[in-house]
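Structural characterization, general
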Amino acid sequence: MNLVIFIFIVLLGFTSYYFGRKKAYSIQATNTRLTALPQFYGYYLAIWCAIPAFIIYSLWAIFEPSIVKLIILSDYSNQGYLDDELNLIYEKTKSLSRGQFSGEITTYLETSAEKYLNLRSIAQNSKVVLILAIIIASIVYGYKRISSNNRTREPVEKFLNAVLFTASLAAILTTIGIVFSLIFQTIDFFKVIPLFDFIFGTHWYPAKAFVRDASEPLDPSMYSDTFGAVPIFAGTFFIALIAMCVAIPIGLMSGIYLAEYASTKVRQYAKPLIEILAGIPTVVYGFFAALTVGPFLKDIGTAMGLEVSAESALAAGGVMGIMIIPFISSLSDDVITSVPQSLRDGSYAMGATKSETIKKVIFPAALPGIVGSILLGVSRAVGETMIVVMASGLAANLTFNPLESTSTITAQIVVILIGDQAFGDPKTQAAFALGMTLFLVTLSLNIFALRVVKKYREKYE
Amino acid sequence: MNKNKEKLLNSRYRAEKRFQFYGKSAIFLALLFLTIFIFKIFSTGYTAFQKTWLIVPVTFDAETMYLDENPSKEDLEDADYFDLALQTMFNLDKSASEKQQNDLKRMVSYFFEREIKRELLNDPSLIGKTKDVYLTASDDLDQVFKGNYPRDLPEDQRRVTDYQLKIFDQLVEQGRVESKFNLSFFTYPDSREAELAGIASSFMGSIFSILVCLVIAFPVAVLAAIYLEEFAPKNRFTDFIEVNINNLAAVPSIVFGLLGLGILLAVFQLPRSTPLVGGITLSLMTLPTIIIACRASLKAVPPSIREAALAMGASKMQTTMHHTVPLSMPGTLSGTIIGLAQALGETAPLILIGMVAFVNTIPGSPLDPAASLPVQIYIWAESAERGFVEKVSACIMVLLGFLIIMNLFAQIIRHKFEKKWS
Amino acid sequence: MIKINSKNVDVFYGKKQALFNINLDIEENQVTALIGPSGCGKSTFLRCLNRMNDVIDICRVKGQIIINDFDINDKSCDVVRLREKIGMVFQKPNPFPKTIYENISYGPTIHGMAQSKNEMDEIVENSLKKAALWEEVKDRLHEPGTGLSGGQQQRLCIARAISVKPEVILMDEPCSALDPIATAQIEELIDELKKDHTIIIVTHSMAQAARVSQNTGFFHLGELIEHGSTDKIFKNPENKRTQDYITGRFG
Ligand SMILES: Nc1ncnc2c1ncn2[C@@H]1O[C@H](COP(=O)(O)OP(=O)(O)OP(=O)(O)O)[C@@H](O)[C@H]1O
Ligand SMILES: [Mg+2]
């Protein structure tokens, strides 16, 4: 039904475009000068026809369900039901009205279901009537405007401009969305777990915080020594460090080699090949780390008499490093190529060798840009999820031994949220608090890195 | 003095050599990783495209199926094939003990009943006759046949019994084991049994997610880019939008998963585990990528084109829509495809919005629960059975295949259609 | 005395030939000016003399360039040592993004010329003094070289070039980015430097060539049309094209 209305509005929009244009031609036929091209008359009418209708349509779609729910549940008020139970009743009512309910049917439920169906049909009818009325009214208005040969191009363009502007807000809305999705849960979490315990606690066992029965009151003492995030902060930092130990030397040196030494031919093939590493999905790296690298390191370790966990931080961090190589190499390649040739010439003319020129002139000149690219790499390492989830441990050990397993912020978020989530439970909220931490850390890294890189670009432009 | 100089010069040249060597080694290492990686995936994955069948003689005995004489089509549909199927397996070794019979039964997939039934439905005249039927071998035997399963382990450490191996070897000798192209890998949904698991459900899940992502992200991103590049006044607010976009492009994907969970599922009550929610989440992630690509290619359109159109009396909006935007489309499209390829490989956000649920049906719309290819990789990689290892690699090959095609496509669009302004 | 002797030098950029059979001798401890219309190959020739053309991938040089009885285009020639002996100053000042001190000490450091910090300080001071920059920068030696004015930057580059005591200094339009006062300072400096160094300077200004040089070579379309003492070239050139160029009838 909704789809029918939707299609109806769209079709009507097209029709009114056609009529608007026709009207313009008929005005033209009377030898009157048009205020704009005939199409604009069409657009104008189409906008008038469709947009108010769509607005009503969407508002209706947003508010109808909650209003219906309110009305249905008003029958059950004053009966001492808890919120969760009321929700359940409503769900039951809905499925009963669809005839999909398989459970004990009470008379209460039956009346509710009937009422529900009734309400829905009233709502549906009044929606159709309202939308039709709106469409007629706005078409009449629009048609009158164009009949008297009013300006049409400006309003149409203003409208388009408004659409463009709205679209450009999407990025801001997404950011706001991220903040909102994180902040409420985070605040709720810190109502139960003191911020201090979270930041300085050294025991992280979210499994201990079993999903609580919603009807029981919350007892914060239950969670003491459960959500101390130091082990996972340390693990995140440590794995990122291992990753950067792999990525920085290899990425930087290959970036330098590609920019300064490689012949055009080598560059032409090697650069895209290295960049393939960046296009491989992280879950694939995770599989590789878990299936190949982890056991491989374990075997080597055993052969050398070392105790190596099959899910060692080294395996996860090392593979993550491989993933980050291309980011560092292409960014530093870009940065180095944008160092002006005159500096190179100056150095060569002094009798410097190529490597001296690179180490003493180009590298210092490109340093801000390189630092920026490394920071972006760090931010990737911190936010990387799948490799850690698959290749590193899920238990948060506080360790700096690369051969043991440890866990990270991202891995813990997945561990907590995989499967069923109960909103309102500290365990779920903990994941959001971790997400908030992650967001803040990567955001500051990014802002800082992007600013450094931008400053650097401006210097040589 | 001159001697010293000579020495210094030599050491400088050695340093130069060393530095070049480091550079070459770095490139070599990076390429080596890539090679090992691809080699590993292919060498473990290619066997998944073959499937092992046991060719077993089935005697379609009407009595075992409790059928009357001259059964109708419906009778055949409703007949009980289980006893027949069991009997077929037991016939492989008439002297088997009860435990061994159980082993015999487990040499084929639990689909064996259906496979026999299909055979009969295809040709009802088989009743009373005996025919060789292809039955899907169990995943363990499949692995044994492909040589992926170490047979020399002690019996209690492997999932195939000595007895099963003995019967299996007999069948091999009789030429009753055959390996054929594994079509079911592409047409079956996920399953708990490795020999029956396919990528159809996750593949459709991926397609639906990407379509939803495209439908949302592309128009919004292009409109936003047009506004920011062509119409936006240069002020603090548009600067803010710009900073926002750049940062959003670097926010870890899992945060978008939290957004999907906390807003789309919790607030808007959209259905869990569906490609719809997955697609919306991915679209928010892809948005900045497309905006940045589109802006770059709008920027590349030389101002002279705009000036020419404006000088003809076109309005700013007409100039943009008629000239600038069409000229920028190749760059935008190839950026979009690259963004979609990234979205296609994304796993973590989809896990958070519940697309890891076990789905053994093929989704027919974005509103049906589904997994996606990368999530399928994750799910299979986490399962213990040996049979899934090759499936994971094969699934990775399919996924990488798609990514390569998409990237090539993006390259082609860029090189073929993009105008070079000089 | 002849310092540099070039024989049959051809230069190609890819397929395109930029210099045709150049034979030019450069006198020791004198200033030689190279003049000619834009694109005629003056810079290309100058860059042959310290093999800076090696930096350009597509560039090939043929023929002999003999400095101190040694063909620098020979395989056995070591560019690093060659460039230590033959300094260069570029059209646009290109100080390294480092401090003034580091800019000067760069060459002596890589060539291992100073054994101690004191020695280095001395080299830096002397070079700056020779480049007539010492007074202006002696209090800010540890500030970035890029913070100087254009003329100061160019003198810094000259100081950098002379810090390794080269025998020859190549200058490619060293004054083109400078105002008249800075230009005058540099010209004065060139006159001073020729006592210790052989100088080759490319310039677009006839007046400058006449003022600073003892010898002049005129290039046109990749060929060396005429060369000889500056007096002769400017007062009575043999070739018609030289005459036309000097009197401003083309170019
Ligand atoms: N890197 C290069 N690649 C290709 N061709 C070049 C390159 N550098 C110079 N050329 C060509 O070689 C010829 C000589 O150039 P060169 O720079 O030596 O001229 P010039 O006399 O210094 O001119 P100007 O007075 O403008 O500096 C020109 O035709 C130029 O196009
Ligand atoms: Mg020049």
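All of these numbers come straight from a predicted model, not from anything done at the bench. (Residues numbered from 1 in each chain as written. Chains lettered and ligands numbered in written order. Predicted model: local features only at pLDDT ≥ 70, side-chain atom pairs only at ≥ 80, totals over all residues. Heavy atoms only, no water.)

Taken together, the contact between chain B and chain A spans 72 residues of the former and 79 residues of the latter. Summing both sides of the interface, chain B and chain A together bury roughly 6,400 Å²; the carbon and sulfur share of this comes to 80%. Taken together, the connections running from chain B to chain A amount to one salt bridge. The partner of Glu356 of chain A in a salt bridge is Arg12 of chain B, and the shortest N-O contact between them spans 2.7 Å. On the surface where chain B and chain A come into contact, there are 10 residue pairs in polar contact (both at pLDDT 80 or more). (Contact = heavy atoms within 4.5 Å. Buried area = accessible area lost by both parts, 1.4 Å probe. Salt bridge = Lys/Arg side-chain N within 4 Å of Asp/Glu carboxyl O. Polar contact = N/O pair within 3.5 Å; in protein donor to acceptor, adjacent residues only side chain to side chain.)

Turning to the site of ligand 1, a few remarks are in order. Residue and element names in this part refer to chain C. By nearness alone, 14 residues border ligand 1, and Ser38, Lys42, Ser43, Thr44 and His204 come closest of all. In the model, an oxygen atom of ligand 1 is placed 2.5 Å from a nitrogen or oxygen of the Ser43 side chain. Contact distances for ligand 1 include 3.3 Å between an oxygen atom and a side-chain N or O atom of Glu173. Protein chains shield 66% of the accessible area of ligand 1, which is 630 Å² for the free molecule. Looking at the shell around ligand 1, the elements with two or more residues in it are strand 2 (16-27) and helix 1 (42-49). Here the element with the most residues in the shell around ligand 1 is helix 1; it accounts for three residues. Tallied by class, the residues present in the shell around ligand 1 amount to five nonpolar, six polar and three charged. (Near = heavy atom within 4 Å. Areas by Shrake-Rupley, 256 points an atom, 1.4 Å probe, with all protein chains shown as cover. Helix = DSSP H or I, 4+ residues; strand = E, 2+ residues; numbered from the N terminus. Nonpolar A, V, L, I, M, F, W, Y, C, P; charged D, E, K, R; others polar.)

So, on to the domain arrangement of chain B. Residue and element names in this part refer to chain B. Here chain B is partitioned into domain 1 (47-181) and domain 2 (200-417). Taken together, the contact pairs 11 residues of domain 1 with seven residues of domain 2. Interface area for domain 1 against domain 2, summed over the two sides, is near 730 Å², with a carbon-plus-sulfur share of 60%. The tally of links from domain 1 across to domain 2 stands at two residue pairs in polar contact (both at pLDDT 80 or more). (Domains from an automatic or database assignment.)

Here the focus is the packing of helix 8 (residues 230-261) of chain A against helix 9 (residues 264-279) of chain A. Between two packed helices, both the angle of their axes relative to each other and the distance between the axes serve to describe the pair. Residues and elements named next belong to chain A. Relative orientation of the contacting elements helix 8 and helix 9 amounts to 155 degrees, with a least axis distance of 10 Å. Here helix 8 is positioned roughly antiparallel relative to helix 9, judged by the angle of their axes. Judged by the twist between their axes, the crossing of helix 8 over helix 9 is left-handed. The residues of helix 9 that touch helix 8, namely those facing Ser254, Leu258 and Ala259, are Arg267, Ala270, Lys271 and Ile274. Partitioning the contact of helix 8 with helix 9 into residue classes produces four nonpolar, one polar and two charged. (Axes fitted to C-alpha atoms, helices over the stretch in contact; angles between N-to-C directions. Parallel < 35°, antiparallel > 145°, perpendicular 65-115°, else oblique. Left-handed = near helix turned anticlockwise from the far one by under 90°.)

In this structure, Ile178, Trp204, Tyr285, Met320, Ile324 and Ile413 of chain A are the most contacted members of the largest nonpolar core, which totals 174 residues. Per-element tally for this core: the top contributor is helix 8 of chain A, with 15 residues. Apart from the residues within four sequence positions on either side, Met320 of chain A is in contact with Ile239, Ala243, Ala381, Glu384, Ile387 and Val388 of chain A. Ranked by size, the runner-up nonpolar core spans 40 residues in total, among them Ala131, Ile186, Ala209 and Ile225 of chain C. (Core = buried A, V, L, I, M, F, W, Y, C linked by side-chain atoms within 4.5 Å. Buried < 20%, exposed > 50% of the residue type's maximum accessible area, 1.4 Å probe, protein only.)

Turning our eyes to something else, we now look at the interface of chain C and chain A. Contacts between the two partners involve 24 residues from chain C and, on the opposite side, 19 residues from chain A. Buried area between chain C and chain A, both sides added, is near 1,600 Å², and the carbon and sulfur share of it is 67%. Considering only the side of chain C, the residues that lose the most area to chain A are Pro97, Tyr106 and Ile110 of chain C, jointly responsible for 30% of the buried surface there. Here chain C and chain A share one salt bridge between them.

Right, let's get into the sheet that holds strand 4 (residues 59-67) of chain C. All names here are of chain C. Taken together, the four strands give an open sheet; going across it, the order is 2-1-4-5, and neighbouring strands pair in antiparallel fashion. Strand pairing shows two members of the sheet lacking a second neighbour, strand 2 and strand 5 (70-71), which therefore form its edges. Looking at chain direction, strand 1 (residues 2-13) and strand 4 are connected through eight bridges and run antiparallel. Paired with Phe12 across the bridge in strand 4 is Arg60. Strands strand 1, strand 2 and strand 4 of the sheet are contacted by helix 1, whose axis makes an angle of about 120 degrees with strand 1. (Pairing = 2+ DSSP bridges.)

Here the focus is the packing of aromatic side chains. Using the criterion set out here, one finds 37 aromatic pairs over all chains in the structure. Clustering of aromatic rings is evident, with ring pairs tying together Phe189, Phe190, Phe198, Trp204, Phe227 and Phe233 of chain A. The ring of Phe231 of chain B carries the charged tip of Lys316 of chain B above its face, separated from the ring centre by 5.9 Å. Seen from the ring of Phe12 of chain C, Arg60 of chain C lies directly overhead, with NZ or CZ sitting 4.9 Å from the centre. (Phe/Tyr/Trp six-rings, centres within 6.5 Å; stacked < 30°, edge-to-face > 60°. Lys NZ or Arg CZ within 6 Å of the ring centre and 35° of its normal.)

This part takes up the pairing of strand 9 (residues 215-220) of chain C. Residue and element names in this part refer to chain C. Of all the six residues making up strand 9, six are buried; the element is thus mostly covered by neighbouring parts of the structure. Side chains Asn215, Gly217 and Phe219 project from strand 9 onto one buried face, and the interleaved Thr216, Phe218 and His220 project onto a second face that is buried too. Direction of pairing for strand 3 (residues 31-35) relative to strand 9: parallel, over a ladder of four bridges. Residue pairing for strand 9: Ala33 is matched across the bridge by Thr216. Where strand 9 lies against strand 10 (residues 223-229), six bridges are found, and the strand directions are antiparallel. Within the sheet, the bridge partner assigned to Phe218 lies in strand 10 and is Glu226. Here strand 9 folds back onto strand 10 in antiparallel fashion, the turn holding two residues, of which Leu221 has a positive phi close to 50 degrees.

Another aspect to go through is the pattern of salt bridges. Applying the stated rule across the entire model yields 31 salt bridges over all chains. A salt bridge links Arg176 of chain B to Asp132 of chain B; the nearest nitrogen and oxygen atoms lie 3.3 Å apart. Remark: Asp132 of chain B occurs in strand 2 (residues 130-136) and Arg176 of chain B occurs in the loop between helix 7 (162-173) and strand 3 (177-181); sequence separation between them is 44 residues. Classification of Asp132 of chain B by relative accessible area gives partly exposed; the value is 36%. Across the pair Arg295 of chain B and Glu229 of chain B runs a salt bridge, and its minimum N-O distance is 2.9 Å. Here Arg295 of chain B, found in helix 12 (residues 275-300), pairs with Glu229 of chain B, found in helix 9 (residues 200-231); they are 66 residues apart in sequence, far enough to count as distant. The buried category is assigned to Arg295 of chain B, whose relative accessible area is 13%. Through salt bridges with shared partners, one network takes in Arg267, Lys271, Glu275 and Asp333 of chain A.

Here we come to the side chain of Ser127 of chain C. All names here are of chain C. With respect to the secondary-structure elements, Ser127 resides in helix 4 (residues 117-130). For Ser127, a relative accessible area of 4% puts it in the buried group. Sequence-distant contacts of Ser127, defined by excluding residues within four places in its chain, comprise Ile104, Ala159, Ile162 and Ser163.

Although it is not a glycine, Arg51 of chain C adopts a positive phi angle of roughly 55 degrees. Along the chain, Arg51 of chain C falls in the loop between helix 1 and strand 4.

Moving on: the sheet that holds strand 2 of chain B. Backbone hydrogen bonds hold the strands of a sheet together, and the pairing may be parallel or antiparallel. Residues and elements named next belong to chain B. Read across the sheet, three strands follow the order 2-1-3 without closing on themselves; strand pairing throughout is antiparallel. Strands at the two margins of the open sheet, each flanked by one partner only, are strand 2 and strand 3. Direction aside, the axes of adjacent strands within the sheet are offset by 40 degrees on average. Where strand 1 (residues 50-59) meets strand 2, seven bridges bridge the pair, whose relative direction is antiparallel. Directly across from Val56, in strand 2, lies its bridge partner Val133. Each of strand 1 and strand 2 is contacted by helix 5 (residues 112-122), which is oriented at about 140 degrees to strand 2, the strand it contacts most.

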